[in-house]
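For reference, the chains in residue letters:
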Amino acid sequence: MIPVFMNVKHSPPDSYGDCFRACVASLLEVNDVPHFYFDGPDADVARERLTKYLRELHSLAPYVVAFPGDDLDAVLSGIDHDNPGIKFMLICGIAEYGAHAIVCGDGRVLHDPFYWPVMHDYEPIEGVWTILLFVPAVMYSGETS
């Protein structure tokens with residue numbers, strides 16, 4: 001994984017941070033990833049953009065899994081135990097910023113794409129940790145616009 005940092009400051013409604021873009025770029029090890037949330041926090045629209053981008057340029061599709069609970073270490077060690085060596089995006093919360101994306105694997109946080117290197121206190125969003133993986137597009141049968 002090549003760590004990529006955010007280029008856009010999260011300052012709604014003037015701008016929406018691109019941590020999600022930075023995590024996708026880090027996981028794929030590419031630089032030309034678009035800002036999926038450039039116009040706001042609509043997760044459905046962003047997911048459509050992500051799906052189209054992954055499928056057209058990388059023959060991949062997003063796969064989302066949600067884990068309930070509040071213990072990040074337990075989630076990370078559990079995923080690593082069952083899926084050693086797999087790197088993934090975790091959508092979590094940061095009290096002062098709201099939703100935030102980070103890269104995890106090996107039972108720990110591997111990369112936080114925040115503007116400057118810092119480790120935050122990550123928390124579940126409404127009691128749920130959201131995990132995003134990329135799978136071969138052949139496994140995905142959804143429609144993209």
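To start, this report covers the structure provided alongside it. In this text, all values refer to a predicted model and were calculated from it rather than measured experimentally.

Some points on the pairing of strand β4 (residues 108-111)
Sheet topology note: the strand β3 (residues 98-105)/β4 ladder contains 3 bridges and is antiparallel. Of the residues in β4, the one forming a bridge with Cys 104 is Val 109. Count of turn residues in the β3/β4 antiparallel hairpin: 2 residues, of which Asp 106 carries a positive phi of about 55°.

What to know about the packing of aromatic side chains
What the rule picks out here adds up to 5 aromatic pairs. Ring plane angle 50° and centroid distance 4.4 Å describe the contact between Phe 114 and Tyr 115, whose orientation is recorded as tilted. Overall, the relative accessible area of 3% leaves Phe 114 in the buried class. Judged by relative accessible area, Tyr 115 falls into the partly exposed class, the value being 22%.

Considerations on the nonpolar core
Counting residues in hydrophobic clusters, the biggest one holds 25 residues, and the most contacted among them are Phe 20, Val 24, Phe 36, Met 89 and Phe 134. For this core, the elements supplying multiple residues, two or more each, are α1 (19-28), α2 (43-58), β2 (88-94), β3 and β5 (128-136). It is α1 that contributes the most residues to this core, 8 residues altogether. With residues up to four places along the chain from it excluded, the contact list for Phe 36 reads Phe 20, Arg 21, Val 24, Ala 46, Arg 49, Leu 50 and Tyr 53.

Examining the sheet that holds strand β1 (residues 60-68)
Strand order in this open sheet of 5 strands is β1-β5-β2-β3-β4, and the pairing throughout is antiparallel. Both edges of this open sheet fall to β1 and β4, since each of them pairs with a single strand only. When strand polarity is set aside, the average angle formed by the axes of neighbouring strands in this sheet is 40°. As judged from the 7 bridges shared by β2 and β3, these two strands associate in the antiparallel manner. In the sheet register, Met 89 faces β3, and the bridge partner there is Val 103. Along the sheet face, α1 touches β1, β2, β3, β4 and β5 and points at about 10° away from the line of β3. The strands that α2 touches are β1 and β5; relative to β1, the one it contacts most, it runs at about 135°.

Some points on the side chain of His 120
Along the chain, His 120 turns up in the loop between β4 and β5. Among the polar contacts made by the side chain of His 120, one reaches the side chain of Asp 112 at a distance of 3.0 Å. In this structure His 120 touches Ile 94, Glu 96, Tyr 97, Asp 112 and Phe 114, once residues within four positions along its chain are discounted.

Rules and cut-offs
Residues numbered from 1 in each chain as written. Predicted model: local features only at pLDDT ≥ 70, side-chain atom pairs only at ≥ 80, totals over all residues. Heavy atoms only, no water. Pairing = 2+ DSSP bridges. Helix = DSSP H or I, 4+ residues; strand = E, 2+ residues; numbered from the N terminus. Phe/Tyr/Trp six-rings, centres within 6.5 Å; stacked < 30°, edge-to-face > 60°. Buried < 20%, exposed > 50% of the residue type's maximum accessible area, 1.4 Å probe, protein only. Core = buried A, V, L, I, M, F, W, Y, C linked by side-chain atoms within 4.5 Å. Contact = heavy atoms within 4.5 Å. Axes fitted to C-alpha atoms, helices over the stretch in contact; angles between N-to-C directions. Polar contact = N/O pair within 3.5 Å; in protein donor to acceptor, adjacent residues only side chain to side chain.

Everything listed here is a matter of coordinates, which is why it stays silent on function.
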